[in-house]
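Topology and contacts: notes
One-letter residues, chain by chain:
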Amino acid sequence: MRFRRSVWGAEEETVSATVLRRRLIAVFTAIVLVIFAVSIRFLFVQVISAEKLRYLALDQWTREIPVVAERGEIYDRNGILLAGNISSYTVFARPNAVKDKEKTAKILSEIFELDYAELLDSLMHSKVSELTIARHVEKELIERLSETELPGVYYARDNTRTYPYSDMLSQVLGFTSSDNTGLTGIEKYYDKYLAGQDGQILYETDLIGIETPESRAIYQPATAGLDVYLTIDKDIQLVCEQVMAEVYQEYSPESAQCVVISPSTGEVLAMVNYPGYDLNDIPRDDKELLDKLGRNNLVCDIYEPGSTFKIVTAAANIEESLKGNKKAFSLTHVFSSSRTRSVDGTTIRCWSNHANGKHSNQTLAEALCNSCNPCFVDMALSLGKETFYDYLEAFHFGSVTGLDFSGEAQGMVLPESAVRDCDLARIGFGQTIAVSAMQLACAGAAAVNGGYYYQPTLVGRIRSEDGKTNEKISQVMKNRTVSEEASRTLASLLENVVENGSGNKAYIEGYKVGGKTGTAQKYENGVIAAGKYVSSFLGFFPANAPEYLALVIVDEPQGAYYGSVVAAPAAKKVFEGIIGVRDIKPYE
């Protein structure tokens, strides 16, 4: 029995030691966990949340007066100011620091023409620490405010955007919000450069935001935004604006548009969507009107180009002919004089009735001059879907051009796998395909400039006021479209169109102008809209070495509607204006 008791006692001692060990481990583990938790909290407070906590403490014991960064200015390619700033002020109030809210609301409402009841309610019940009372305030009103010495009310210098040329380039420049953030156009696309970095002045205050007698000011300077220099030429822009205004006055269209680019660089020299709006008096309260007038249709909208697209079809045919492709037509080939072509059971007709014999025995040169649809049907069908689509891709139809502007349309091209012969036939003369004006202008340039497709640009360089930052935007040649020989041949044929064909109203004595007219029917709900047309002309000069290319588009002109009658004369005026402002001598 004693033996058993001793065993049992040993067992009890063993159990007791085990329990004690476990308790010690549990206590030690708990201590480690507490230390670990405290360390994690310490790390979170001292490191991870340090900046936020410092800010909260600073915000509780300081009053901040913002120092608004001066927004970068926008210039044309020659340094002419297009968007600048004028000094103004923003007025703030800290409700907790306003002693007499009724008096303060009364004075502020009188000075800044605000609703007294609404302002008083904000001062009495707002849960925010600071209220913005008025923005873009003129100096005279600030002088009146200074005389009142209202506790809890203060002001800071601000900038108000100003546009010296009012409605010029309105859809391109775009506009800013009330706090000077870019909302549309160049103002939006290059906002990260233009905006700059705001600074502030900090004053020590008590808990309710009242400045203390010992308060010291801490000044954190603002960093001004960078200046943006466009590729736009103000003089050429004004020429185009005037011509489009005249077209609008004469034909009462939905809009009159023009884009001028440099074929050898892709730089946009002018871009007009008429009518526009005054950038200094933006109709912000009428969203529908602002959306309509503020939209850059040349970049963001698409349309069926009609006969101007024949430039692309002709370029593809000429290039394939030079390569020895037997499916392509040579320059001496004579097309059938029939007015119609039957494709997939559908009949495609020429715009002309062929009654005067002018469309008989046509070569490619005459087909371009007469803008004869059946001839371009023959070219597209003969080249075939695969080859023709290779050229559509080379000329970047169905994809954006890469212009530095938000919302660029990519156009509409039927998938190659879904294209029937009747579709391909119509694409050949500019139907069953939709393009943006920028796409067509860039494609036209790449067809006549030697066969080089350049990515278009609206901005040429970005620089700081002191010149320390000076970034030049390089021109990008994306690909070849056709050979230089094919390009020269096409340019010569298009010069003949202006001298002897449908583009003769763009002819300028002494200057080599080339181009192609276009007249496209509009569609509504999938059917042709009776009496609604888009008149256009794509032209360039000098034809033997293009320096300027212009695309004029007149949407739904009233009365006359042919591109040869409406758009070609407008393009002539644009070219004559460029000749005048650039003092270009006639060809010898």
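This text goes with the structure placed above it.
A few points on the structure. The structure displayed is predicted, hence computed values, not measured ones.

Some words on the overall build of the chain
Summing up its helical and strand segments, the chain has 19 helices and 19 strands in all. Within the chain, the proportion of its 588 residues that are buried is 49%. Within the chain, contacts between residues separated by at least 24 positions form 72% of all contacts whose residues are at least 6 apart in sequence. Put simply, the chain shows about 28900 Å² of open surface, and 51% of that area lies on carbon and sulfur atoms.

Let's talk about the packing of aromatic side chains
Under the counting rule described, the total for this entry stands at 14 aromatic pairs. Arranged with centres 6.0 Å apart and planes meeting at 85°, the rings of Tyr89 and Tyr155 form a pair that is edge-to-face. In this pair, Tyr89 sits in strand β3 (residues 81–93) while Tyr155 sits in strand β5 (residues 153–162), placing the two residues 66 residues apart along the sequence. Using a relative accessible area of 17% as the deciding quantity, one classes Tyr89 as buried. Between Tyr248 and Tyr274, the aromatic rings sit 5.2 Å apart at their centres with planes inclined by 65°, giving edge-to-face as the arrangement. Here Tyr274 lies in strand β10 (residues 268–274) and Tyr248 lies in helix α9 (residues 234–251), a separation of 26 residues in the sequence. One aromatic cluster is present, built from ring pairs that chain together Trp351, Tyr533, Tyr561 and Tyr562. One cation-aromatic arrangement involves Arg480 over Tyr452; the distance from NZ or CZ to the ring centre is 4.0 Å.

Thoughts on the side chain of Asp378
Relative to the helices and strands, Asp378 resides in helix α14 (residues 373–383). What Asp378 contacts, discounting residues up to four positions off in sequence, is Phe329, Phe335 and Arg341.

Details of the environment of Lys516
As for its position among the elements, Lys516 is in strand β17 (residues 514–524). Considering only alpha carbons, one finds Lys516 and Gly444, 72 residues apart in sequence, at a separation of 9.9 Å. When sequence neighbours within four positions are dropped, the list of residues in contact with Lys516 reads Ser307, Thr308, Lys310, Ile311, Leu368, Ser371, Leu494, Ser502, Ser536, Phe537 and Leu538.

Re the pattern of salt bridges
Within the structure shown, the criterion is met by 19 salt bridges. Notably, a salt bridge pairs Asp233 with Arg582, separated by 2.3 Å at the nearest N-O pair. Of the two residues, Asp233 is situated in the loop between β8 (227–230) and α9 and Arg582 in helix α19 (residues 563–582); the sequence distance between them amounts to 349 residues. Residue Asp291 is joined to Lys287 by a salt bridge in which the shortest nitrogen-to-oxygen separation is 2.9 Å. Residue Asp291 and its partner Lys287 are located together in helix α10 (residues 287–294), separated by four residues, close to a single helical turn. On the basis of relative accessibility, which here comes to 43%, the residue Asp291 falls in the partly exposed class.

A look at the packing of helix α12 (residues 310–322) against helix α18 (residues 484–500)
For the pair α12 and α18, interaxial distance at closest approach is 9 Å and the crossing angle is 135°. When the axes of α12 and α18 are compared, the pair comes out oblique. Remark: the crossing between α12 and α18 carries right-handed chirality. Contacts from Ile311, Ala314, Ala315, Ile318, Glu319 and Leu322 of α12 reach α18 at Glu485, Ala486, Thr489, Leu490, Leu493 and Leu494. The residue inventory of the contact of α12 with α18, partitioned by class, reads nine nonpolar, one polar and two charged.

Brief notes about unusual backbone geometry
Most peptide bonds are trans, and most residues other than glycine sit at a negative phi. Here the amide bond leading from Tyr274 into Pro275 is cis, since omega sits at 5°, within 30 degrees of zero. Cis geometry marks the peptide bond from Phe541 to Pro542, where omega comes out at -15°. Looking at the secondary structure, you find Pro542 in the loop between β18 (527–541) and β19 (548–555). Its identity as a non-glycine residue notwithstanding, Glu113 has a phi of 55°, on the positive side.

Conventions adopted
Residues numbered from 1 in each chain as written. Predicted model: local features only at pLDDT ≥ 70, side-chain atom pairs only at ≥ 80, totals over all residues. Heavy atoms only, no water. Helix = DSSP H or I, 4+ residues; strand = E, 2+ residues; numbered from the N terminus. Buried < 20%, exposed > 50% of the residue type's maximum accessible area, 1.4 Å probe, protein only. Contact = heavy atoms within 4.5 Å. Areas by Shrake-Rupley, 256 points an atom, 1.4 Å probe, with all protein chains shown as cover. Phe/Tyr/Trp six-rings, centres within 6.5 Å; stacked < 30°, edge-to-face > 60°. Lys NZ or Arg CZ within 6 Å of the ring centre and 35° of its normal. Salt bridge = Lys/Arg side-chain N within 4 Å of Asp/Glu carboxyl O. Axes fitted to C-alpha atoms, helices over the stretch in contact; angles between N-to-C directions. Parallel < 35°, antiparallel > 145°, perpendicular 65-115°, else oblique. Left-handed = near helix turned anticlockwise from the far one by under 90°. Nonpolar A, V, L, I, M, F, W, Y, C, P; charged D, E, K, R; others polar.

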